[in-house]
Amino acid sequence: SVENIFGESEYEKLIIGITFSNKKWGVGIGDLTCYSMVVSNTFANFGVIGGVVSLFMILFGSYLSLLMTLRRGRFPGLTITLVLGFIPLILLSLL
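Just so you know, these numbers come straight off a predicted model, no measurement behind them.

Student: How should I be thinking about the packing of helix 3 (residues 29-72) against helix 4 (residues 78-94) in this particular structure?
Tutor: Think of two packed helices as two axes; the pair is described by the angle between the axes and how far apart they sit. In the contact formed by helix 3 and helix 4, the axes pass within 6 Å of each other and the chain directions differ by 155°. Here helix 3 lies roughly antiparallel to helix 4, going by the angle between them. The interaxial crossing formed by helix 3 with helix 4 has right-handed handedness. Looking at the contact of helix 3 with helix 4 residue by residue, the classes come out as 18 nonpolar, 10 polar and 1 charged.

Listed below in structure tokens is the structure:
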């Protein structure tokens, strides 16, 4: 991993530039971009209600990911959050 190659202190310096974080957790720019694309796509294709539902599902997924991060130290933020964010998009596509 990058952390093993550069060492923990250099890794932390790299991460600071590409994340929104505090001392315990961080959210990368790529994560925020993916979240916004899901909400924008749902909004554009299914209107305000679909976009708002997708936004709230992503917020709920972010909360769950934050809880897991606080328990484990590190946890991938996209997995749970995007699965929940895609639920309204998938359900509205099937209707």
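Now that the structure has been shown, we can carry on.
Student: Is there a simple way to think about helix 3 in this case?
Tutor: Spacing of three or four residues puts side chains on the same side of an α-helix, whose turn is 3.6 residues. With 44 residues, helix 3 extends just 21 Å between its outermost C-alpha atoms, more than 12% less than the 64 Å of an ideal straight helix rising 1.5 Å per residue. The largest bend in helix 3 comes to about 150°, at Gly47. For helix 3, the complete set of buried residues consists of Asp31, Tyr35, Val38, Val39, Thr42, Gly50, Gly51, Ser54, Ile58, Gly61, Ser65 and Thr69. Backbone geometry just after helix 3 places Gly73 at a positive phi near 95°.

Cut-offs used in this document
Residues numbered from 1 in each chain as written. Predicted model: local features only at pLDDT ≥ 70, side-chain atom pairs only at ≥ 80, totals over all residues. Heavy atoms only, no water. Axes fitted to C-alpha atoms, helices over the stretch in contact; angles between N-to-C directions. Helix = DSSP H or I, 4+ residues; strand = E, 2+ residues; numbered from the N terminus. Parallel < 35°, antiparallel > 145°, perpendicular 65-115°, else oblique. Left-handed = near helix turned anticlockwise from the far one by under 90°. Nonpolar A, V, L, I, M, F, W, Y, C, P; charged D, E, K, R; others polar. Expected span 1.5 Å × (residues − 1). Bend = angle between axes of the 7 residues up to and from the residue. Buried < 20%, exposed > 50% of the residue type's maximum accessible area, 1.4 Å probe, protein only.

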